[in-house]
Amino acid sequence: MSVDWWRDAVIYQVYVRSFADGNGDGVGDLAGVRQRLGYLADLGVDAIWLTPFYTSPMVDGGYDVADYRTVDPLFGDLAESERLLEDARAHGLRTIVDIVPNHTSSAHSWFIAALGAAPGSAERDRYIFRDGTGQGGEDPPNDWESVFGGPAWTRVADGQWYLHLFDPEQPDLNWENSEVRAEFADILRFWLDRGVDGFRIDVAHGMIKAAGLPDVGYAEQIELLGSTELPYFDQDGVHEIYREWRKILDSYPGERIAVAEAWAPSAQRLANYLRPDELHQAFNFHYVDTEWSATGFRKAIDESLRTVAEVGAPATWVLSNHDLQRHVTRYGDGARGLRRARAAALLNLALPGSAYLYQGEELGLPEVTDLPDEVLVDPKWVRSGYTDRGRDGCRVPLPWAGTSAPFDFSQAADTWLPQPASWADYTVAAQREDPDSTLALYRTALSLRRGFAGTELRWLDPVRLGAGDTDELLAFEREGGLVCTVNFGPSTVEITRPGTLVLASYPAAGGESDDPGAQTVTLPAESAVWWTATRDE
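Being a predicted model, the structure only gives us computed values, none of them experimental. (Residues numbered from 1 in each chain as written. Predicted model: local features only at pLDDT ≥ 70, side-chain atom pairs only at ≥ 80, totals over all residues. Heavy atoms only, no water.)

Along the chain, the position of Ile96 falls in strand E5 (residues 94–99). Contact partners of Ile96, with chain neighbours within four places excluded, come to Trp5, Ile11, Ile48, Trp49, Leu50, Gly198, Phe199, Arg200 and Ile257. (Helix = DSSP H or I, 4+ residues; strand = E, 2+ residues; numbered from the N terminus. Contact = heavy atoms within 4.5 Å.)

Encoded structure:
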């Protein structure tokens, strides 16, 4: 548990509902996470991030919180959460939990009270209620749209409207209200007192809205993880909130941290969340959106490192999460998508800073794109008029062992989302003893990564590596002698050997054989290799 542990930590996202089922009801829970902590410790990660397990109607997978201080019975109880924190520490793992401050569930006691109170009341002031426009107030207060589709306003019985940037059952809180700020300060302390090591802040850019709630002026304003400048996202007032939160975090021992899920128009705006008196990390969505090319990744890496260096923060690198299509599928699906995903994993884990892994990426899981319509539960599916299939495809329960569903995820025959039969080849058990498996690649990379040093990255010129005038090769060196080469192209590339081959993204049987005495080496298409900087003679 080193000082500044978070600056180069590998943090594994546990989507609790789909990780492991401990009580046999077909839904993942905290008991299931406890049972699999040994797997995570063996994998070699430093911390886990748990998605919301609080009391919730589960309209948006738990991101609609009805009570921030209790555990939903679907996942266990408060005692189970405390046992999980203790067990994680015993395995050498830190634990980060989700906090959802932009909105509550409509089932939250505050919102129920607001609906029962009169316009202008203290109860309504905790949320964003406004009179409508038009002759009789029959039109919404402005033209803001929900991220999940449709208008961002819903009218209540007395004629007022309330704001919800997501589902109507997720009303936005009013962060200009001092009671809201005091409540969340107390919620942070509640979980810090129980030993959590930090918080992932959902919609961290959304709590403050522009004064007067001005119209945007056009339709199709926003998409999930978007970067458009809007009057309801990334307003400067959010930074005052995080300066107060940082004081709370710093008042506890053990370097408790906060990481922002912030959608900002630029890397520079994102870096504002990481100033020394604010948050510790922010997800790098500009990087995750990069298309498969050496030029694009070089630009994203340079921009990311430059902007975080200006505020003294570490960069973060992420390829997938519970809101994104799995990167195996984004990168082309099938054999090609997996080949690119394995190369991207070595690139990610070689970069200076902190890496976030989404559960199942270490197994090479693809997106499940053919879930039956009747099992889809993402609110985007309904709000889009049944045209946007939403995010359920990346949330299918993990396969652990066996040749048929539920693949040891649960004792129940049916899981909350069905697993494809093809996942028999992806189970942990099927990959554990295979040295060429994606699981083995991640385990080896995470073990080797602990020997990396410093924050510096030095780009190597492909021409000087003997690759000629190619724009398909990325190569860089880290302090301590690691060299990483990535061939983004569809053809092999020959280079001067940069050192001794340590780890390659391609299986030994599927790539070029390595002759330590050769002066040149051939990099297979869409592959990555780690080398020591000095070649053994």
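Residue position: Glu362 is located in the loop between strand E13 (354–358) and helix H14 (379–383). Summary of buried charges: Glu362 has no salt-bridge partner, and the nearest side chain of opposite charge, Arg326, is 6.6 Å away. (Buried < 20%, exposed > 50% of the residue type's maximum accessible area, 1.4 Å probe, protein only. Lys, Arg positive; Asp, Glu negative; His and termini not counted. Salt bridge = Lys/Arg side-chain N within 4 Å of Asp/Glu carboxyl O.)

What follows covers the sheet that holds strand E6 (residues 129–130). The strand order across the open sheet built from three strands is E6-E8-E7, with neighbouring strands paired in antiparallel fashion. Among the strands making up the open sheet, the edge pair consists of E6 and strand E7 (153–155). The pairing of E7 with strand E8 (residues 161–163) spans three bridges and is classified as antiparallel. Residue Trp153 lies in a different strand from E8, and its bridge partner there is Leu163. (Pairing = 2+ DSSP bridges.)

Helix H16 (residues 438–449) packs onto helix H13 (residues 334–350) with a crossing angle of 10 degrees between their chain directions and a minimal axis gap of 10 Å. Taken as axis vectors, H13 and H16 run roughly parallel relative to one another. On H16, the residues that touch Leu338, Arg342, Ala345, Leu346 and Leu349 of H13 are Thr438, Leu441, Tyr442, Ala445, Leu446 and Arg449. Each residue belonging to the contact of H13 with H16 can be placed in one class, and the counts come to eight nonpolar, one polar and two charged. (Axes fitted to C-alpha atoms, helices over the stretch in contact; angles between N-to-C directions. Parallel < 35°, antiparallel > 145°, perpendicular 65-115°, else oblique. Nonpolar A, V, L, I, M, F, W, Y, C, P; charged D, E, K, R; others polar.)

What follows deals with the pairing of strand E9 (residues 198–201). Side chains on a regular strand alternate between the two faces of the sheet. Neither face of E9 is open: one carries Gly198 and Arg200, the other Phe199 and Ile201, and all of them are buried. As paired elements, E5 and E9 share four bridges and run parallel to each other. Counted as the bridge partner of Val97 is Phe199 from E9. In this structure, E9 lies alongside strand E10 (residues 257–260), joined through four bridges in parallel fashion. Across the sheet, Ile201 pairs through a bridge with Ala260, a residue of E10.

Applying the stated criterion across every chain yields a total of 35 salt bridges. With its nearest N and O atoms 2.9 Å apart, the salt bridge here joins Glu179 to Arg126. Remark: Arg126 occurs in the loop between helix H6 (122–125) and E6 and Glu179 occurs in helix H7 (residues 178–193); sequence separation between them is 53 residues. On the basis of relative accessible area, Arg126 is assigned to the buried category, the value being 13%. For the salt bridge of Glu526 with Arg340, the shortest nitrogen-to-oxygen distance reads 2.8 Å. Note that Glu526 is positioned in the loop between strand E19 (520–523) and strand E20 (527–532) and Arg340 in helix H13, a separation of 186 residues in sequence.

The next subject is the packing of H7 against helix H8 (residues 238–250). One way to put it is that H7 packs onto H8 with a least axis distance of 11 Å and a crossing angle of 30 degrees. Between H7 and H8, the crossing angle belongs to the class labelled roughly parallel. Every pair of crossing elements has a handedness; the one defined by H7 and H8 is right-handed. Side by side, H7 and H8 meet where Arg181, Phe184, Ala185, Leu188, Arg189 and Leu192 of the first sit next to Glu240, Ile241, Trp245, Ile248 and Leu249 of the second. (Left-handed = near helix turned anticlockwise from the far one by under 90°.)

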